[in-house]
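Residue strings, one per chain:
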Amino acid sequence: MISILTIGIGDSAASIVGSSSKLGRYKITSYSNKSYIGVFSSIVAQIIFLVLYFWKDKFWIEALGKSVIAMVISSFCEGLTFQTDNLLIPPIFYTLYIA
């Protein structure tokens, strides 16, 4: 579930929105091609997915609140990495989620 959320949903949204938007030219660092709008769209897409996934669970607010913190930190970590982000982000998300 965490890999689907971080890579399948978040990374895909960041790539699509960050590369197709004119706001994608505002890069996080000078040595990276990842943008702030890509990171923001990754977080928003993951939140929308989790709201739809946990909607019928009676503890969905607690699960979403715990996940949002892990999403924000792991999405910014993804924006700062070079090539190995697909290997590093799911363990970072999981570690932050269970903490």
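What comes next is a walk through the structure. (Residues numbered from 1 in each chain as written. Predicted model: local features only at pLDDT ≥ 70, side-chain atom pairs only at ≥ 80, totals over all residues. Heavy atoms only, no water.)

1. Observations regarding helix H2 (residues 36-54)
Right, so step 1: If you check H2, its first and last C-alpha atoms are 27 Å apart, about what 19 residues at 1.5 Å a residue would give, namely 27 Å.
Right, so step 2: Inspection of H2 places Ile-37, Gly-38, Val-39, Ser-41, Ser-42, Ile-43, Ala-45, Gln-46, Leu-50 and Phe-54 among the buried residues, and these make up the whole buried set.
Right, so step 3: Summarising the contacts, the buried residues of H2 are in contact with helix H1 (2-20), helix H3 (60-80) and helix H4 (85-98). (Helix = DSSP H or I, 4+ residues; strand = E, 2+ residues; numbered from the N terminus. Expected span 1.5 Å × (residues − 1). Buried < 20%, exposed > 50% of the residue type's maximum accessible area, 1.4 Å probe, protein only. Contact = heavy atoms within 4.5 Å.)

2. Here we look at the nonpolar core
Right, so step 1: Within the largest apolar cluster, 8 residues are counted, these being Leu-5, Leu-50, Phe-54, Ala-63, Leu-64, Ala-70, Met-71 and Phe-93.
Right, so step 2: Those elements giving two or more residues to this core turn out to be H2 and H3.
Right, so step 3: If one sorts the elements of this core by residue count, H3 sits on top with 4 residues.
Right, so step 4: Those residues in contact with Ala-70, other than ones at most four positions away along the chain, are Phe-93, Leu-96 and Tyr-97. (Core = buried A, V, L, I, M, F, W, Y, C linked by side-chain atoms within 4.5 Å.)

3. Things to note about the environment of Ser-67
Right, so step 1: Relative to the helices and strands, Ser-67 resides in helix H3.
Right, so step 2: By relative accessible area, which is 4% here, Ser-67 ends up buried.
Right, so step 3: The spacing of Ser-67 and Phe-93 is 26 residues in sequence and 8.4 Å in space, taken between C-alpha atoms.
Right, so step 4: Beyond its immediate sequence surroundings of up to four residues, Ser-67 is in contact with Leu-50, Phe-93 and Tyr-97.

4. With respect to a nonpolar patch on the surface
Right, so step 1: A surface patch of nonpolar side chains, about 620 Å² in accessible area, is lined by Tyr-26, Tyr-36, Ile-69, Val-72, Ile-73, Phe-76 and Leu-96.
Right, so step 2: Per element, the largest residue contribution to the nonpolar patch is 4 residues, and it comes from H3.
Right, so step 3: Within the secondary structure, Ile-69 sits in helix H3. (Patch = residues over 30% accessible without salt bridge, like charges linked within 9 Å, V, L, I, M, F, W, Y side chains within 5 Å. Areas by Shrake-Rupley, 256 points an atom, 1.4 Å probe, with all protein chains shown as cover. Salt bridge = Lys/Arg side-chain N within 4 Å of Asp/Glu carboxyl O.)

5. Things to note about the side chain of Glu-78
Right, so step 1: When you line up the elements, Glu-78 lands in helix H3.
Right, so step 2: Nearest to the buried, unbridged Glu-78 among oppositely charged side chains is Lys-34, at 5.1 Å. (Lys, Arg positive; Asp, Glu negative; His and termini not counted.)

6. Section: the packing of H3 against H4
Right, so step 1: Two elements in contact, H3 and H4, have axes separated by 9 Å at closest approach and are oriented at 145 degrees. In terms of crossing hand, the pair formed by H3 and H4 is right-handed. Of the residues in H4, those in contact with Ala-63, Lys-66, Ser-67, Ala-70, Met-71, Ile-73, Ser-74, Cys-77 and Glu-78 of H3 are Asp-85, Ile-89, Ile-92, Phe-93, Leu-96 and Tyr-97.
Right, so step 2: Split into classes, the residues belonging to the contact of H3 with H4 amount to 10 nonpolar, 2 polar and 3 charged. (Axes fitted to C-alpha atoms, helices over the stretch in contact; angles between N-to-C directions. Left-handed = near helix turned anticlockwise from the far one by under 90°. Nonpolar A, V, L, I, M, F, W, Y, C, P; charged D, E, K, R; others polar.)

7. Remarks on the packing of H1 against H4
Right, so step 1: With their axes 9 Å apart at the nearest point, H1 and H4 run at an angle of 125 degrees to one another. Here H1 is positioned oblique relative to H4, judged by the angle of their axes. Relative to H4, the crossing made by H1 is right-handed. Residues Ile-2, Ser-3, Leu-5, Thr-6, Ile-7 and Asp-11 of H1 lie in contact with H4, whose contacting residues are Asp-85, Asn-86, Ile-89, Pro-90, Phe-93 and Tyr-94. (Parallel < 35°, antiparallel > 145°, perpendicular 65-115°, else oblique.)

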